[in-house]
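Each chain, letter by letter, is given below.
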Amino acid sequence: MSIVNPPDLPGLEGALWIALTLALYALFSRLRAAIGGNGLAQPLLWVSAILIAMLVLGDIELARYDRGGDWLLVLLALSTVSIGVPIYDNFPIIRQAAGAFLLAMAIGSVSAVVVALAMAHLMQLDAAIFATLSTKSITSPLAFGVTSEIGGLPALAMGVVIITGNSGVLVGPKLFALTKLHDERAQGLAYGVAAHGIGTAEAIRKSSLMGSFAGLSMGLNGVLTSIILPYVISVS
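Remember, predicted model here, so these are calculated numbers, not experimental data.

Undergrad: Let's hear about the packing of aromatic side chains: which residues, and what values?
TA: Evaluation of the coordinates by the stated rule reveals 4 aromatic pairs. When the centroid spacing of 5.3 Å and the interplanar angle of 70° are considered together, the rings of Trp-17 and Tyr-65 count as edge-to-face. Pair noted here: Trp-17 is in helix H1 (residues 11-34) and Tyr-65 is in helix H3 (residues 62-79), with a separation of 48 residues, a long-range link. Assigned by exposure class, Trp-17 and Tyr-65 land together as buried. Plain terms: the ring middles of Phe-28 and Trp-46 are 6.5 Å apart, the flat faces sit at 5° to each other, and that makes the pair stacked. With Phe-28 in helix H1 and Trp-46 in helix H2 (residues 43-57), this pair connects stretches of sequence that are 18 residues apart. A relative accessible area of 12% means that Phe-28 is categorised as buried.

Undergrad: Describe the pattern of salt bridges, listing the residues and the values that go with them.
TA: Per the stated rule, a full pass over the model turns up 6 salt bridges. Here Arg-32 and Glu-202 are joined by a salt bridge, their closest N and O atoms 2.8 Å apart. Of this pair, Arg-32 sits in helix H1 while Glu-202 sits in helix H10 (residues 184-206); the two residues are 170 residues apart in sequence, bridging distant segments of the chain. Both residues of the pair, Arg-32 and Glu-202, count as buried. As a salt-bridge pair, Arg-205 and Glu-202 come within 3.0 Å of each other at their nearest N and O atoms. Separated by 3 residues within a single helix, Arg-205 and Glu-202 lie in helix H10, roughly one turn from each other. One salt-bridge network, held together by shared partners, links Arg-32, Glu-202, Arg-205 and Lys-206.

Here is what the cut-offs are and how they apply
- Residues numbered from 1 in each chain as written.
- Predicted model: local features only at pLDDT ≥ 70, side-chain atom pairs only at ≥ 80, totals over all residues.
- Heavy atoms only, no water.
- Phe/Tyr/Trp six-rings, centres within 6.5 Å; stacked < 30°, edge-to-face > 60°.
- Helix = DSSP H or I, 4+ residues; strand = E, 2+ residues; numbered from the N terminus.
- Buried < 20%, exposed > 50% of the residue type's maximum accessible area, 1.4 Å probe, protein only.
- Salt bridge = Lys/Arg side-chain N within 4 Å of Asp/Glu carboxyl O.

Okay, structure coming up:
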């Protein structure tokens with residue numbers, strides 16, 4: 001399945017799953033806005049939990065949800081292009097901070113991998129889990145491919161990536177307040193490197209400037225990590 005090779009038409013059941021997913025997301029987006037943007041009301045977190053509960057309690061096969069869910073993935077892939085808009089709008093500001101941005105992004109990328117591998121080593125996890133955790137801070141499509149290449153578990157990697165992203169959105173504002181980090185450029189970079197797509201969406205929600213640094217750092221971090229991670233795993 002891809003944009004150039006889309007899935008089959010969803011049919012009535014698939015269309016209902018699409019409508020339900022979008023309706024729940026809209027509901028929790030409104031709820032979050034109503035309570036002041038609290039990270040605990042992150043729509044993706046609650047919508048995922050509700051849909052998983054429905055599938056488990058209703059003994060519904062995931063394949064039935066995927067009749068509509070696969071089309072949501074296609075729409076997600078198309079919407080990724082929109083990340084380029086704030087990057088284009090704020091490119092002069094990005095260019096002025098290029099040196100500091102690239103240095104901080106590189107340090108963040110390496111730190112994310114090192115911390116994940118150190119935790120896995122201390123917990124004495126097996127090689128497959130070890131490899132899977134190392135992809136926790138790159139965006140889902142890249143994490144899926146890289147995990148397969150380095151001997152990890154792609155399905156588990158998706159869960160780890162989602163948990164990492166939601167955790168970043170929840171913890172990020174508190175860390176920014178604690179460290180008195182008010183620069184939107186730095187906050188955006190942190191969201192993009194540490195919390196990938198979920199963090200980037202949160203940054204874009206807050207401001208165009210923050211979203212531009214988040215989107216660019218997410219993309220560059222994904223590419224950099226995808227290049228160096230196979231080598232790091234091979235020598236670990």
